[in-house]
Amino acid sequence: MGHFVYLNDGVVPAAEAKVSVFDHGFLYGDGIYETMRVYDGVVFLLDEHLQRLCRSASLIGLDVPKDIPGIKRALYETLRANGLRNAYVRLTVSRGYGQIGLDPGLCKEPTFVIIANEFKPYPSALYENGISLIIASTRRNLKEALDPQIKSLNFLNNILAKIEAQRADAYEAVLLNAAGHLTEGTISNLFFVKEGVLCTPAVECGILDGITRALVVGLAVRSGIELREGEFLPGDLYGASEVFVTNTTMEIMPVSRVDAARFTVGHVAGLLHTQYRHEVNGYVSEKKGEGPSLWQ
Ligand code: PDD
């Protein structure tokens, strides 16, 4: 089947999905995005992702050119056009076409794009053995300079950290904030277990409040796992008994190494991942049980 992309008002063949070189998303990284996972034809936690999209849009003064039901229709139309049931979906809204200059008023219409691809599972060896991390020397953008709650197209800060990870043969990089506290990975949130307590940097440390993170926090609380959201130092991470990262596509990914410190894949990550999968299954059957739906 050919590959289709949603561009502005409808689905078009991917080869025809072109955006202007004057698009301010291209010129200035002026725009926002969300990444979602589709399980068995259902977009997982869609309302949460759309809420975050709207928050990002409002934080940069951008009007998303569709309402929530319209975005949902567009998402499912894209999935249907591509015949996808297990997918990775990226929704991007940029400031749109406009002459050169920072003024958002130069752009009359935002550009709205949905790309959906088949979800290629991460190799199971990564879940079995864990991934390696480094703590990058690149610091996380100061939250007072660029609010990490804006899931923006401007990813250079994280890309620089990713380049460091690649040079060190690591899979993901953790960034520290200006105060030297742990924040998050380049595309993931960070968790570790220390003295039986599940720890994760607080939102105030300057992180994106990941949707997977919030779900994992809720699952941990429900399971009676003691949880601490706060400020942590690299030494806390090196001294952990287990480490894992979370995001929409990886779900819960165990970590085997952070710099020189080694970890075995622990039971907290395993337990939470089982519960996470259970949550996904429950969500999918609930959505399918809601009657006439977008995904049929
Ligand atoms: N990234 N922190 C950052 C900087 C991220 O970019 C992401 C997500 C997360 C995890 O958020 P969530 O659990 O809501 O996916 C944390 C997505 C996957 C991406 O960049 O495509």
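Residues numbered from 1 in each chain as written. Predicted model: local features only at pLDDT ≥ 70, side-chain atom pairs only at ≥ 80, totals over all residues. Heavy atoms only, no water.

## Side note on helix α6 (residues 211-222)
Inclusion rule: Counting from the N terminus, the helices are DSSP H or I runs at least four residues long and the strands are E runs at least two residues long. Multiplying one less than the number of residues by 1.5 Å gives the expected span of a helix. Relative accessible area decides the class of each residue, using a 1.4 Å probe on protein chains only: under 20% of the type maximum gives buried, over 50% gives exposed, and in between gives partly exposed.
In this model, α6 (12 residues) spans 17 Å end to end at C-alpha, consistent with the 16 Å of a helix rising 1.5 Å per residue. Turning to α6, its buried residues number three or more, namely Ile-211, Thr-212, Arg-213, Leu-215, Val-216, Val-217, Leu-219 and Ala-220. Backbone geometry just downstream of α6 places Gly-224 in the positive-phi region, at approximately 75 degrees.

## A word on empty space enclosed by the protein
Applicable threshold: The definitions used throughout rest on a 1 Å grid laid over the protein atoms alone, on which a cavity is an enclosed set of points accommodating a 1.4 Å probe that cannot get out and a pocket is an open set flanked by protein within 12 Å on both sides along at least five of seven lines; lining residues are those having an atom within 4 Å of a point. Grid points are joined across faces, edges and corners, and a volume is the space filled by probe spheres set on the points. Annotation comment: domain bounds sourced from an automatic or database domain assignment.
Overall, the coordinates contain 1 cavity of 30 Å³ or more when judged by the stated rule. There is about 50 Å³ of room inside the largest cavity. Those elements giving two or more residues to the lining of the largest cavity turn out to be β3 (31-39) and α6. Two domains share the lining of the largest cavity, each providing at least three of its residues, namely domain 1 (4-118) and domain 2 (124-281).

## Notes on the nonpolar core
Defined as follows: Residue types Ala, Val, Leu, Ile, Met, Phe, Trp, Tyr and Cys, when buried and joined through side-chain atoms within 4.5 Å, form a set referred to as a nonpolar core. Residue contacts are defined here by distance: any two heavy atoms, one from each residue, within 4.5 Å place the two residues in contact.
Core analysis: the largest hydrophobic core is formed by 48 residues, its most contacted members being Leu-79, Leu-91, Phe-112, Leu-198, Phe-244, Leu-272 and Tyr-276. In terms of residue count, the dominant contributor to this core is helix α8 (residues 267-288) (7 residues). Of the domains in this structure, domain 1 (4-118) and domain 2 (124-281) are the two that each give at least three residues to this core. Discounting residues that sit within four places of it in the chain, Leu-91 has contacts with Ile-32, Tyr-33, Glu-34, Met-36, Leu-50, Leu-53, Ile-71, Leu-75, Phe-112, Val-113 and Ile-114.

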